[in-house]
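Architecture and fold: a report
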Amino acid sequence: MAEQSFKMFCYQCSQTAKGTGCTIRGVCGKEPIIARLQDNLLYAIKGICAYLYHAREFGVHDSEVDAFLESGFFATLTNVNFDPNRFLEFGLKAGAMNIKTMMMLKQAHIKAFGEPVPTKVQSGTVKGKGIIVTGHSLKALEELLKQSEESGINIYTHSEMLPAHGYPGLKKYKHLVGNLGKAWYDQKQLFAKFPGAILGTSNCVLLPTSDYQDRMFTMGVTGIPGVKHINEFDFKPLIDKAKLLPGLEDKPGDVVLTTGFSKSVVLSLADKIKNLVVSGKIKHFFVVGGCDTPGPKGNYYRRFVELLPKDTIVITLACGKYRINDLDLAEIDGIPRLIDVGQCNDTIVAIEIAQALSQVFNKPINDLPITLVLTWMEQKAVAILWSLLSLELKGMYVGPILPGWVNEDILKILIDKFDLHLISEPEQDIKQILKQ
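A brief report on the enclosed structure follows. (Residues numbered from 1 in each chain as written. Predicted model: local features only at pLDDT ≥ 70, side-chain atom pairs only at ≥ 80, totals over all residues. Heavy atoms only, no water.)

1. Section: the overall build of the protein chain
Scanning the protein chain for helices and strands turns up 15 helices and 16 strands. For 436 residues, the compact-globule estimate of 2.2 N^0.38 gives 22 Å, and the protein chain sits close to it at 23 Å. Taken along its principal axes, the extent of the C-alpha atoms in the protein chain is 70 × 60 × 40 Å. The buried share among the 436 residues of the protein chain stands at 56%. By sequence separation, contacts in the protein chain at least 24 residues apart represent 71% of the contacts at least 6 residues apart. Carbon together with sulfur atoms contributes 52% to the accessible area of the protein chain, which is approximately 18,800 Å² in total. When the 48 positive and 46 negative side-chain charges of the protein chain are each reduced to one mean point, those points stand 1 Å apart. (Helix = DSSP H or I, 4+ residues; strand = E, 2+ residues; numbered from the N terminus. Rg over C-alpha atoms; globule rule 2.2 N^0.38 Å. Buried < 20%, exposed > 50% of the residue type's maximum accessible area, 1.4 Å probe, protein only. Contact = heavy atoms within 4.5 Å. Areas by Shrake-Rupley, 256 points an atom, 1.4 Å probe, with all protein chains shown as cover. Lys, Arg positive; Asp, Glu negative; His and termini not counted. Charge placed at Lys NZ, Arg CZ, Asp CG, Glu CD.)

Next comes the structure, spelled out in structure tokens:
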């Protein structure tokens, strides 16, 4: 990236924190660009570490990723790096390392549980005692399923744990009975009503209310004051607690969700998809998902999908899928119009599908009728954003607000170099995308 992209900033000033172009301390009143780019890199590293942590639960690690984490953290020290262009290079490198990490985690999941298959998941409750599991650790869920198999307790997933139902090695447990709730931020309302025990396996755990604090457990790096912590996957205290709590009613949910569309499942339909595209029955593919955030601005994504023409396919993933995964979008000649490929780390699956379609149509990904419409870009999501940028993907739409580390000048670079778009109104964005 050319240094003149940041010509408004004075590098000498960045070392002395004086003058009209300070890039670090903002003495001149301008936004401190280096601090923003450092924040970006730290968010990306946090995201990589989250996936790397879960990969290590399966005994998988990578020395190249570890080395990048060292250099990335080191680069954020005060008086080490004043070059904004170098920090942009670090961002792209972080994206590449995140792709490698997501691939490691995907392969670890498949080795442990088999490749996901399309699976219907109930959204209601079954009569009997229950435990609900939130977070991202499929390893923790497996250990809990093993230890609770003869207990008579039913296990429910929440939020990013929904894709667990598609793995043969997990869905074989008959007491894995369904998924309750939606994205991570409904915990306080959902868990207060859920009479059983609750397990938080990783990030996206909220501080509990008094309604359920005594019924909640954490594990791993997760910790909440006043909440019991599980060590070394020993879930006996959790199971014992669930046995003492009231049971749930037999109450079917309003919708049946579908998850488990792996790369192999989608690619087995590649020839059919190609014929449907060539014949004009499929006009465009959209990847709509990401890390959902509360508030009315998030309604954009549901409205966006509702307004899409019926000759389009929607691939969704991460907790952002809960904005749309209860919609009945029907099929196009047997191809589902709504395809859930998994957790946020399963962005690697969406990438692989896009790369495979690129080979099928013998075109670069940027020339395919594929558009990414992504929600919220902090921590793990920012690592994913830079993964996509590292692949030089262009024309993505992001929202509902700008990431906290982006200022006017960084945004200009992302727009000029990667044709990044901020979401506006669903009708306007769809019209803009489909005219291309």
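We are not done yet, so read on.
2. Digging into the sheet that holds strand β13 (residues 338-340)
Spatially, β13-β10-β9-β14-β15-β16 is the arrangement adopted by the 6 strands of the open sheet, whose pairing is parallel. Every interior strand has two partners, whereas the edge strands, β13 and β16 (421-422), have only one. Judged from the 3 bridges that link them, strand β10 (residues 312-316) and β13 form a sheet pairing that is parallel. Pairing of T316 across the sheet is with D340, part of β13. (Pairing = 2+ DSSP bridges.)

3. Notes on the packing of helix α3 (residues 63-75) against helix α4 (residues 84-113)
Between two packed helices, what matters for the description is the angle formed by their axes and the separation of those axes. It is at 10 Å that the axes of α3 and α4 come closest, and there the two elements cross at 150°. Taken together, α3 and α4 sit at an angle that is classed as roughly antiparallel. When the axes of α3 and α4 are compared, the crossing they make is left-handed. Here E64, V65, F68, S71, G72 and A75 of α3 lie close against α4, whose contacting residues are F87, F90, K93, A94, M97, K100 and T101. A per-class count over the contact of α3 with α4 returns 7 nonpolar, 3 polar and 3 charged. (Axes fitted to C-alpha atoms, helices over the stretch in contact; angles between N-to-C directions. Parallel < 35°, antiparallel > 145°, perpendicular 65-115°, else oblique. Left-handed = near helix turned anticlockwise from the far one by under 90°. Nonpolar A, V, L, I, M, F, W, Y, C, P; charged D, E, K, R; others polar.)

4. With respect to the pattern of salt bridges
Evaluation of the coordinates by the stated rule reveals 18 salt bridges. Note that E143 is salt-bridged to K139, the shortest N-O span being 3.3 Å. One end of the pair is E143 and the other is K139, both in helix α5 (residues 138-147) and 4 residues apart, which spans about a single turn. Like E143, the residue K139 is buried in the burial classification. (Salt bridge = Lys/Arg side-chain N within 4 Å of Asp/Glu carboxyl O.)

5. With respect to unusual backbone geometry
For the bond running from G399 to P400, omega is 0°, close enough to zero to count as cis. One can find P400 in the loop between β15 (397-399) and α14 (408-418). If you check the backbone angles, A318 has positive phi at about 65° while not being a glycine.

6. Considering a nonpolar patch on the surface
A contiguous nonpolar surface patch, about 280 Å² in accessible area, is contributed by F74, L77 and V80. When you line up the elements, L77 lands in the loop between α3 and α4. A relative accessible area of 42% means that L77 is categorised as partly exposed. (Patch = residues over 30% accessible without salt bridge, like charges linked within 9 Å, V, L, I, M, F, W, Y side chains within 5 Å.)

7. A look at the packing of aromatic side chains
Following the criterion strictly, the structure yields 13 aromatic pairs and no others. Consider the rings of F191 and Y212, whose centres lie 5.6 Å apart with planes at 90°: the pair is edge-to-face. Of the two residues, F191 is situated in helix α7 (residues 187-193) and Y212 in the loop between β5 (197-200) and β6 (216-219); the sequence distance between them amounts to 21 residues. Here F191 and Y212 have matching classes, each one buried. Ring pairing ties together the aromatic residues F286, Y300, Y301 and F304, which thus form one cluster. (Phe/Tyr/Trp six-rings, centres within 6.5 Å; stacked < 30°, edge-to-face > 60°.)

8. Some details on the sheet that holds strand β4 (residues 176-179)
Taken in spatial order, the 6 strands of this open sheet run β4-β3-β2-β5-β6-β7, and their pairing is parallel. In the strand order of this sheet, the two ends are held by β4 and β7 (228-230), each with one partner. Strand-to-strand twist across the sheet, computed as the mean angle between neighbouring axes with direction ignored, equals 30°. As paired elements, strand β3 (residues 154-157) and β4 share 3 bridges and run parallel to each other. By the bridge assignment, T157 is partnered in β4 with N179. Strands in contact with α5 are β2 (130-134), β3, β4, β5 and β6; relative to β3, the strand with the most contacts, it is inclined by about 165°.

9. Some thoughts on the side chain of S148
Within the secondary structure layout, S148 lies in the loop between α5 and β3. Residues contacting S148, with those up to four places away along its chain left out, are I153, I155, H175 and I239.

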